[in-house]
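One-letter residues, chain by chain:
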Amino acid sequence: MENKFRIYNTLTREVETIVPNENGKIAMYTCGPTVYHYAHIGNLRSYIMEDVLEKALRYAGYDVKRVMNITDVGHLSSDADTGEDKMLKGARREHKTVMEIAQFYTDAFFADCAKLNIRTPDVVEPATGCIPEFIHMIEVLLEKGYAYAAGGNVYFDTSKLQEYYVFSSQSEKELLVGVRDDVDEDRNKKNKNDFVLWFTKSKFEDQALKWDSPWGVGYPGWHIECSCISMKHLGEYMDIHCGGVDNIFPHHTNEIAQSESYLGHKWCNYWFHVNHLQDKSGKMSKSRGDFLTVSLLEEKGYDPVVYRMFCLQSHYRKPLEFSYEALENVSAAYVKLVKRIADLKPEGSVDAGRFEEYREKFIQALSGDLNTSMAITVLYDLLKADLNDATKYALIQDCDRVLSLNLTTAKIHNPEEDTKVDADLERYILEKIEERKAAKAAKDFAEADAIRDALLEKGIVLKDTREGVVWHKA
Ligand code: AMP
Ligand code: ZN
């Protein structure tokens, strides 16, 4: 492989050139969503950046196989195996079964991904589909002496490892452990960091999904699923493992502990972690309830792809603060960019030499630790450059294979054309906008939403801006 694709590796704390285990092929794994609620736009920041990484690697000439799990069992409200199963919480909240909740939010997740042009990984596997694989791995860990049974559960014994804190030189006190509601000391654990591989007993006996196992009827811990699902589809050697920074500890630390103990050799070479999206009050969290979703952005009149561009303009390793002001700026820049591209007259032939020159610049940006904002700058540069329109257009189409911003296909809104309707419809729209305002003032948000939907059915989109409500044809 000629291209030297470099990314920051959390394991070595250095930006490194990727050297895959198998020449030209990259085995990539992504921790999928816990499907007890909608994904918030913070979760989706991680999936957008992982999507760009995958597409950039393909663009650079690698053959990528990407696998993702769906967490539909075992993820407790604290990442350290205490608290209630998140899926059960979701089911109770909505008076549905766990599997109904899982199906609904899995579909919602992929619908959001589609709107953000996130490619579905080659393999998507729900945890509940792999119970025999989990049981097998736990049996091997017990046989090899890396696990023990206590109080009805099976635990991984971290004292058997030479090194447990593989990701950090920090002391254990400095490491944060997930969401700390409902945290209770588990007295079955021999060491503080031991983690559950299989539960048959927990404080929450009403766990809905249970399976038979050599240790009794129960359910798997969260960490085991990613080790098993990745090995099932990618084999014993993995190249890149992805997730948000909150996954570093304990989730990925525990994945490495159990995978390498099971395999008896090194498992994954590169660890790619995306920093968090925050709002003004701090980290976003699904358990907080009032979180930002793609649908909410759409309701406010934003094309989801504008949020994708918002993410691409920042480096994945830096925290990113979300605000509507910042999104509005990106939205304006996006509209301008798309209009500029639509004005190109791509007749004539593409200049192959100049095409390669800019393609090289684009790839340089991406292969320098996924510098997406620089990659976007290359777009602006090539639009300004002394190139014919056919070459510019071909380059933009080519770059959009990675950026996925609909640069040559987005519908451009023309304010005059988009608000041209007959007088009756205009009167109706203005009446409905007033009714919606009144409904909102009376805190009747269901009615306000129903009015928005009724207008949408007539092909009219409302947008709440700082200057008030504006509308245009869909
Ligand atoms: P979950 O559905 O909670 O299992 O999380 C799905 C993915 O989103 C994981 O890779 C998390 O690390 C990631 N994630 C969680 N919160 C954020 C955030 N605020 N910003 C970016 N990524 C996040
Ligand atoms: Zn995982």
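Section: the packing of aromatic side chains
At step 1: Tallied over the full model, the rule gives 22 aromatic pairs.
At step 2: Relative to Tyr-105, the ring of Phe-104 lies with its centre 4.9 Å away and its plane at 90°, an arrangement referred to as edge-to-face.
At step 3: For Tyr-105, a relative accessible area of 4% gives the class buried.
At step 4: Ring-pair connections join several aromatic residues into one group, and the members of that group are Tyr-302, Tyr-307, Phe-310, Phe-322 and Tyr-324.

Looking at the coordination of the zinc ion (ligand 2)
At step 1: Only Cys-31 (SG), Cys-226 (SG) and His-251 (NE2) from the protein reach the zinc ion (ligand 2) as donors, at distances of 2.1 Å.
At step 2: The sequence pattern formed by the donor residues of the zinc ion (ligand 2) is C-x194-C-x24-H. With Cys-31 in the loop between strand S3 (25-30) and helix H1 (41-59) and Cys-226 in helix H5 (residues 222-234), this pair connects stretches of sequence that are 195 residues apart. One exposure class covers both Cys-31 and Cys-226, and it is buried.

Description of the sheet that holds strand S5 (residues 123-126)
At step 1: If you walk across this open sheet you meet the 5 strands as S5-S4-S3-S10-S11, and the pairing is parallel. The open sheet has two edge strands, S5 and strand S11 (268-274), and neither has a second partner. Taken over all neighbouring pairs, the strand axes of this sheet differ in orientation by 20° on average, direction set aside.
At step 2: Bridge count for strand S4 (residues 63-70) against S5 is 4 bridges, and the pairing is parallel. Each bridged residue has a counterpart across the sheet, and for Val-67 the counterpart in S5 is Val-123.

Focus: the sheet that holds strand S12 (residues 277-279)
At step 1: Pairing is mixed in the open sheet, where 3 strands are placed in the order S13-S12-S14. Strands with a single pairing partner mark the edges of an open sheet, and in this sheet they are strand S13 (282-283) and strand S14 (320-321).
At step 2: The sheet contact formed by S12 and S13 spans 2 bridges and is antiparallel. Its bridge partner lying in S13, Gln-278 is registered against Lys-283.

Thresholds, definitions, all that
Residue positions within a chain follow its written sequence, with the count starting from 1. Ligands are numbered from 1 and chains lettered from A, in the order in which they are written. Totals for whole chains, interfaces and linings use every residue, but because this is a predicted model, local features are given only for residues with pLDDT of at least 70 and side-chain atom pairs only at 80 or more, for both listing and counting. Values reported for side chains reflect all heavy atoms of the structure, with hydrogen atoms and water molecules removed beforehand. Centre distance within 6.5 Å is the pairing criterion for rings of Phe, Tyr and Trp, where only the six-membered ring of Trp is used; planes under 30 degrees apart are then read as stacked, over 60 as edge-to-face, and the remainder as tilted. Each residue gets one of three labels from its accessible area relative to the maximum for its type: buried under 20%, exposed over 50%, partly exposed in between, using a 1.4 Å probe on protein chains only. Coordination partners: N, O, S within 2.8 Å of the metal, 3.2 Å for Na, K and Ca; water not considered, so apparent gaps in a site are possible. Counting from the N terminus, the helices are the DSSP runs of H or I reaching at least four residues and the strands are the DSSP runs of E reaching at least two. For two strands to be treated as a pair, DSSP must find at least two bridges joining them. Here an angle of 0 to 180 degrees is reported between the N-to-C directions of two axes, which are lines fitted to C-alpha atoms, with helices fitted over the stretch in contact.

These figures come from the coordinates and say nothing about function on their own.
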